[in-house]
Amino acid sequence: MQVPKKRKPKRRWLKFIIPALLLSIIGSFYYLNMKLKPVYMNYAEVQTHKIAAHVISQAIQSRSESVLDANDVLLNLPNDSSETVTLKVDTETINQVMAEMHELVEEHLDRAESGDLEMLPQSDGIQFDTEEMEKHGGVVFFVPIGQVADIPLLGNLGPKIPIRFHIIGNVHADVDTELKEFGINNVYMEVNMELTVNVQIIIPIATKQSTVVQQFPIAIGIIQGVVPQIYTKGGQSPANIEIPMEDVKKP
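Residues numbered from 1 in each chain as written. Predicted model: local features only at pLDDT ≥ 70, side-chain atom pairs only at ≥ 80, totals over all residues. Heavy atoms only, no water.

As annotated in an unreviewed UniProt entry, the protein chain is Sporulation protein YunB from Sporosarcina gallistercoris.

This is the structure:
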């Protein structure tokens, strides 16, 4: 008589363990990603500012005359006194330079977003995706996760994180003039242009708007006023009056 073989009980627990294991793996990745998201975003923002600043610098350097002399942006107004000089900032010249700079910066940023590598910095560890940039626009680059998370063991290995940023709106330009006393009746003048660029930074499961501000000089120089024949040095008692020796008549 043949004894029937006993069937092994079905391992029903497998259908519970496998889904639970998959869920735990997915949850771990999600938790790790949420923990690293601030690190990703901070790194992306730093790199975005560096890239945008580099493109703006490229635009400024492309001008034939990047910095003017301060006297080239001033107008000498006539007055009735021979001892004073009245100067006025030539707004027409300043506006012309600003318009030219503004156009150059926007042109270079557009070229960078369209995948022109000549506009972008060739930094170590950053790989630009020119194909994606040409198709959908925006500056797209990849950074190894080990570099972002500052894990020396991974280095340039590991999965690469895609980072993209778009220019939002137009580039805003503003001008600021700084004056400082220099010597006797001289003034050091600096006319600066401040460019503000708004960008949209996109990383996996997160996005953020940021502002890139870049300042550079339009005109720098010393403005020489009329030097008096007699002047005093303040803070002395009694006052010390100095007269240039060449103006003293010999007996």
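> Would you take a moment to explain the pattern of salt bridges for this structure?
Side chains carrying opposite charge are able to pair once their charged atoms draw close together. With the rule as written, the count across this model stands at 6 salt bridges. A salt bridge links Glu 132 to Arg 164, with the nearest nitrogen and oxygen atoms 2.7 Å apart. Residue Glu 132 is found in helix α3 (residues 130–136), and its partner Arg 164 is found in strand β6 (residues 160–181); the two are separated by 32 residues along the sequence. We classify Glu 132 as partly exposed; its relative accessible area is 23%. Via salt bridges that share partners, Arg 111, Asp 116 and Glu 118 belong to a single interconnected network. (Salt bridge = Lys/Arg side-chain N within 4 Å of Asp/Glu carboxyl O. Helix = DSSP H or I, 4+ residues; strand = E, 2+ residues; numbered from the N terminus. Buried < 20%, exposed > 50% of the residue type's maximum accessible area, 1.4 Å probe, protein only.)

> Before we go on, may I ask you to explain the nonpolar core in this structure?
What tends to happen in soluble globular proteins is that the nonpolar side chains get buried as a cluster. Of all hydrophobic cores here, the largest spans 51 residues; its most connected members are Ile 51, Leu 120, Phe 128, Val 139, Phe 141 and Ile 163. Elements with a minimum of two residues in this core: α1 (14–61), α2 (91–113), β5 (139–144), β6, β7 (186–203) and β8 (206–224). Here this core gets 11 residues from one element, more than from any other, and that element is α1. If sequence neighbours within four positions are ignored, Val 139 has contacts with Ile 51, Ala 112, Glu 113, Leu 120, Phe 128, Met 133, Ile 163, Arg 164 and Phe 165. (Core = buried A, V, L, I, M, F, W, Y, C linked by side-chain atoms within 4.5 Å. Contact = heavy atoms within 4.5 Å.)

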